[in-house]
Structure formats: structure tokens, C-alpha cells
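Observations on the model geometry
Listed below, chain by chain, are the residues.
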Amino acid sequence: MRNPPAVSRRTVLAGLAGAGAGAASLLGAFPARAAATEDVGATVTVTARPSAESERLRLAQALRGSEFNSTGLYVPPATELTLNVLPYDELVPTLWIGLWDLYGQVKEVRSYPLKPGANRVTDPYGGPVYLTLAGNGDRAAVQFRSGAVRMPAFDLGSTTEAAYQAQLDALTDVPYVELTAPHTILTLTRDGALLYRDEDHTALLELLETIIASHAAISGLDGSSPLHVRKAGPYHFTEVSQVPTGVGAYATHGYNGFPRSYLDRATTVQGLGTRGWGLYHELGHLHQQMAYKPTGLTEVTVNIYSLAAQRTLGQSSNLLTVNAKTGLNYFQSAQPKLGTAGLAYETSFSSYEKLVPLRQLELAFGDDFWPRLHRLVREENPQSDWTETAKRYRALATYSSRIAGYDLTDFFVNRWAFPIDDTGRAEVAALRLPAPPVDPSALSD
């Protein structure tokens, strides 16, 4: 056990403050030490931002991101939480309590609509406390009067490592820990956080912010218009109690889930910076656009973002990994199959081989290929439902050809055997584009 240094009121408040536009700002005073049996007061101000669903629609994505504001507070199970709501601009926030855990016993965070003035809430399971406020710059405040206690918390740019370590040593009865940055909420169990407590948590959060920024960049979220600004609010990474057999981590609406066994890669600087493909991949699912994501590409187009993170971090591409048995990387193992009789994209290639043509489009037509395609899809926002697989394969071929400025029928149909139907081929032909000057399917890193 460390001998904790003194924690100043200013340091504690800074460590619990949310970051960035729309984040929660904690204004109340906390004691230097608190246990789960103590009540602690705080006033949290929240600035409204677009809802997660409205952002999903704007970005033309398949999954919603998070819309939570972290409060840095925890409420024990079956404990009455008393609070007052001050709707400065008439909007009233929603209170959320709990931990996302899709395959656990308690699967969802619980929401509690609030009203202006006094509110009383008792949640049977307890957990971290969040607020949401959907709108555009409106403000509200919530005064937590009793029932809540503070969690150990680290906020990038506000909390010192010494102050965070002191919180871990002092708040031993609180079962959760939360780390925040402008685009990040990282929620851990106390036991999970203690596994790697000696990490540099400023460096860890800066690394997470860099990875998130790499996904935004490949998504064409360059701020060139209101349509192309980054998602409002953070991405939520959370430790979960269990996952199905064979699953290392997962993505779903609102968050990415990571079991304890993955924390060596998600919560250490070395692991995340050199072996974090799983996190890059799961975060990628929260960036995938629906228009060109047929079911057969759900686990393929997601790695457009994973590869972008690898390049940003200076890693060697996973596509260049050499198979010990064959001595070939994925470009090399896929190449002899291209254009052969009976070839079928969905069944003839391994998962990484399926990613090769998506990388070849960048190699042939520039690093801005996917950012430009994302922006065009947002601007036109073509609609399809989950059952329209053929339509989304057609969209991949037509949007790719438009962005490249060349007819890519030979690349998609004849070389890689994508299931582009006759309608899709006719749509590409109707663009009246020339054949590409180089064969994209011959390119490799």
C-alpha cells in the first residue's frame, strides 16, 4: 500500500471534472477521503450536445456512440440518491446509473428521467453515475445532495498521477474507477484498475486520444463543414465481466467492452501502443458506415480504421504479417487466387486477405481515398436496411469508382470476385469512367 500524499481540494475537483465541450464540470467540494458509506455533495453542470442517435444518422454509421457525461460519482446498490435539477436553459438532463456489460448479469445502464427541482432515485444495482442532455449548447446543473460518493478518477490535463494514486489508496470501498479525456471515458473495476496502476495514465489517455483521432481522420471528419465534424461527446471503453467463448472484446451501441484478460492491451501504454489491434478494431465498429457494409464485410471494413491506427502509431501493417508455414504475407497469399475460376470473395479468402483490396484502393488512389468516400456517403446518405446485402455491395463498387475516378468493375468483379450483381455492374458502367491506368489488385505495401 502506498503512503498517499495529501490531496488538495483543487486537485480533487480537477481530477473529477469532465473534459471538453459538453463534458460535466464538478463544482462542489469533496472531502480528501471518502468511503462508499459516506455521502458527498457535488454540483455538476452539463452543456447539451446532439444525441447519440442524431449523430449516428449524421455520420451515416451503423452503431451509435456514447452520449454520456461522466460525473466521477458512484452510487451504491439500493441507496437513495437525492438531487436537485437546475435547468438554466429549460432543458432537463437524464440520469444514468450502472455499467455496460452486455453478457453480464446486469446488461444495461439504467436511465432515470429527471424533473426540475428535487428528485429522488433508488437504483437496485448501483454503479457509476452519468448525465445526458440532448440539445445544442443549452445548460443545466444537477446538485447531488446525498447518496453518491466519488470514484477514483483521472482526467487528462487536470489530474496529477500522484493525486490519482492517492485516490486509489483512499477510496478503497468504491468498486469502480474512471479515466476521462476529451474524447474518452474509460471505466474499470477497481480490481482491473489496480492491475496496472503503475502506468503513466497521462500517456495512456493521450494514446487513446491519438487512436480515436486516427479513426476520425480516416473517416474524413476534418471539420470542413458541420456535416464533417467529429462526433459529439466521448467514446466509452468499459471493462466487462464476461464475454462469449472465443470473443476477446466487442462493440455495440454506446460502448466497447473489454474483459479483464484484455486489459494488458487496453490499459497499458506499451500494450495499447504495440498490441492494441483489438481495441483499434472494436473502436472501428463505432465508425463503420452502413451504406457499404453488407453483412459479409462487417468484420472487414472495420479494419480500415485498425490499419489507420497502426500507420498513425508507426506499426507494421498486420497485412504484412508473414505466415510461418508459407513464408507469405497476406498480399502474397491472396495474389495467386485473383481471377481464378470459381473464386468467391466471401469464401475464398481469409479474414486478413479480404482486407487486402480495401488497402489496395488507398495504394492506388491515395491516402485520402477513404476520407473522401466517407464524406461523400455522409453528403448523400443512401439508405439501406440490414437485409439489403446486394445493395450495399453495389454501393461499395459505385462509391469506390466515383472516388477513384475510374471504372473499378474489373478490380471488384473479375479480380477479387466481390458479389456485385448485374444491377451494380450497370450502375458502375453508367458512370462512364475510364479503366484505371494501373491494376490496383497488383499493389501491396
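Because the structure is a prediction, the values reported are computed rather than measured. (Residues numbered from 1 in each chain as written. Predicted model: local features only at pLDDT ≥ 70, side-chain atom pairs only at ≥ 80, totals over all residues. Heavy atoms only, no water.)

1. Quick notes on the overall build of the protein
Each helix and strand in the protein was counted, giving 16 helices and 16 strands. Oriented by its inertia axes, the alpha-carbon framework of the protein measures out at about 70 × 50 × 35 Å. Sorting the 445 residues of the protein into buried and exposed places 54% on the buried side. Carbon together with sulfur atoms contributes 52% to the accessible area of the protein, which is approximately 17,600 Å² in total. Of the side-chain charges in the protein, 38 are positive and 44 negative, and the distance between the mean point of each set is 1 Å. (Helix = DSSP H or I, 4+ residues; strand = E, 2+ residues; numbered from the N terminus. Buried < 20%, exposed > 50% of the residue type's maximum accessible area, 1.4 Å probe, protein only. Areas by Shrake-Rupley, 256 points an atom, 1.4 Å probe, with all protein chains shown as cover. Lys, Arg positive; Asp, Glu negative; His and termini not counted. Charge placed at Lys NZ, Arg CZ, Asp CG, Glu CD.)

2. Section: the packing of aromatic side chains
Scanning the model with the defined rule gives 22 aromatic pairs in all. Where Tyr250 meets Tyr255, the ring centres are 5.8 Å apart and the plane angle is 80°; that geometry is what we call edge-to-face. The exposure class assigned to Tyr255 is buried, which follows from its relative accessible area of 2%. Their ring planes at 70° and their centres at 6.3 Å tell us that Tyr393 and Phe418 sit as a pair that is edge-to-face. In this pair, Tyr393 sits in helix H14 (residues 389–404) while Phe418 sits in the loop between helix H15 (409–415) and helix H16 (422–430), placing the two residues 25 residues apart along the sequence. The burial state of Tyr393 is the same as that of Phe418; both residues are buried. (Phe/Tyr/Trp six-rings, centres within 6.5 Å; stacked < 30°, edge-to-face > 60°.)

3. Structural notes on the sheet that holds strand S16 (residues 255–259)
Strands belonging to one sheet form pairs held by backbone hydrogen bonds; the direction of such a pair is parallel or antiparallel. Spatially, S11-S12-S13-S14-S16-S15 is the arrangement adopted by the six strands of the open sheet, whose pairing is mixed. Single-partner strands in this sheet number two, and they are strand S11 (153–155) and strand S15 (250–252). Averaged over neighbouring strand pairs, the angle between their axes works out to 15° when direction is ignored. Looking at chain direction, strand S14 (residues 235–240) and S16 are connected through four bridges and run parallel. Bridging from a neighbouring strand, Thr238 pairs with Gly257 of S16. Where helix H5 (residues 201–218) meets the sheet, it contacts S11, strand S12 (176–181), strand S13 (184–189) and S14, and its direction lies at approximately 130° from that of S13. (Pairing = 2+ DSSP bridges. Axes fitted to C-alpha atoms, helices over the stretch in contact; angles between N-to-C directions. Contact = heavy atoms within 4.5 Å.)

4. Some words on the pattern of salt bridges
Under the criterion given, the structure shown has 19 salt bridges. The salt bridge involving Arg58 is made with Glu55; its shortest N-O contact spans 2.7 Å. Remark: Glu55 and Arg58 occur in helix H2 (residues 52–59); sequence separation between them is three residues, near one turn of the helix. A relative accessible area of 7% means that Glu55 is categorised as buried. Arg260 is the salt-bridge partner of Glu239, the closest N and O atoms lying 2.5 Å from each other. (Salt bridge = Lys/Arg side-chain N within 4 Å of Asp/Glu carboxyl O.)

5. Topic: the packing of H5 against helix H9 (residues 303–312)
At a closest axis distance of 9 Å, the pairing of H5 and H9 adopts a crossing angle of 125°. Taken together, H5 and H9 sit at an angle that is classed as oblique. H9 is crossed by H5, and the crossing has right-handed handedness. Between H5 and H9, the residues in contact are Thr210, Ile211, Ser214, His215 and Ile218 and Ile304, Tyr305, Ala308, Ala309, Arg311 and Thr312, respectively. Broken down by class, the residue content of the contact of H5 with H9 amounts to six nonpolar, four polar and one charged. (Parallel < 35°, antiparallel > 145°, perpendicular 65-115°, else oblique. Left-handed = near helix turned anticlockwise from the far one by under 90°. Nonpolar A, V, L, I, M, F, W, Y, C, P; charged D, E, K, R; others polar.)

6. Overview of the environment of Ser219
Of note, Ser219 is situated in the loop between H5 and S14. Spatially, the C-alpha atoms of Ser219 and Glu299 are 17 Å apart, while their sequence positions differ by 80 residues. Not counting chain neighbours up to four residues away, the residues in contact with Ser219 comprise His287, Tyr305, Pro371, His374 and Arg378.

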